[in-house]
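Overview (structure and organization)
Single-letter residue listing:
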Amino acid sequence: MLKKNWKRIGMIILIIACVFNIMGKLINKLSLNKEMLYSAEYMQKEQEKEENQK
């Protein structure tokens, strides 16, 4: 039975892995607003570092 259905079993495993990967990325995704705030804070800190080095 395994010899006949190995392609189907492989495809099912692949589909399940892809679904888990996509769901994990959607669940752990930062909101755009938070991402923009973190980027702005990082840029401000880098700018302050540059000013302090001068």
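Residues numbered from 1 in each chain as written. Predicted model: local features only at pLDDT ≥ 70, side-chain atom pairs only at ≥ 80, totals over all residues. Heavy atoms only, no water.

Once that is clear, we can look at the overall build of the chain. If you tally the helices and strands in the chain, you get two helices and zero strands. The globule rule puts the C-alpha radius of gyration for 54 residues at 10 Å, and the 23 Å found for the chain is more than 25% above it. Overall, the chain is about 75 × 25 × 10 Å in size when its C-alpha atoms are taken along their principal axes. Residues classed as buried in the chain amount to 0% of the 54 residues present. (Helix = DSSP H or I, 4+ residues; strand = E, 2+ residues; numbered from the N terminus. Rg over C-alpha atoms; globule rule 2.2 N^0.38 Å. Buried < 20%, exposed > 50% of the residue type's maximum accessible area, 1.4 Å probe, protein only.)

Here we take up a nonpolar patch on the surface. Among the surface-exposed residues, Met11, Leu14, Ile15, Val19, Ile22, Met23, Leu26 and Ile27 lie close enough to one another that they form a single nonpolar patch of about 810 Å² accessible area. Position of Val19 among the secondary structure elements: in helix α1 (residues 2-27). (Patch = residues over 30% accessible without salt bridge, like charges linked within 9 Å, V, L, I, M, F, W, Y side chains within 5 Å. Areas by Shrake-Rupley, 256 points an atom, 1.4 Å probe, with all protein chains shown as cover. Salt bridge = Lys/Arg side-chain N within 4 Å of Asp/Glu carboxyl O.)

For the structure on display, the rule yields one salt bridge. Across the salt bridge formed by Lys49 and Glu46, the nearest N and O atoms sit 3.7 Å from each other. Linking Lys49 with Glu46, this pair stays in helix α2 (residues 32-53), spanning three residues, or about one helical turn. For Lys49, a relative accessible area of 48% translates into the label partly exposed.

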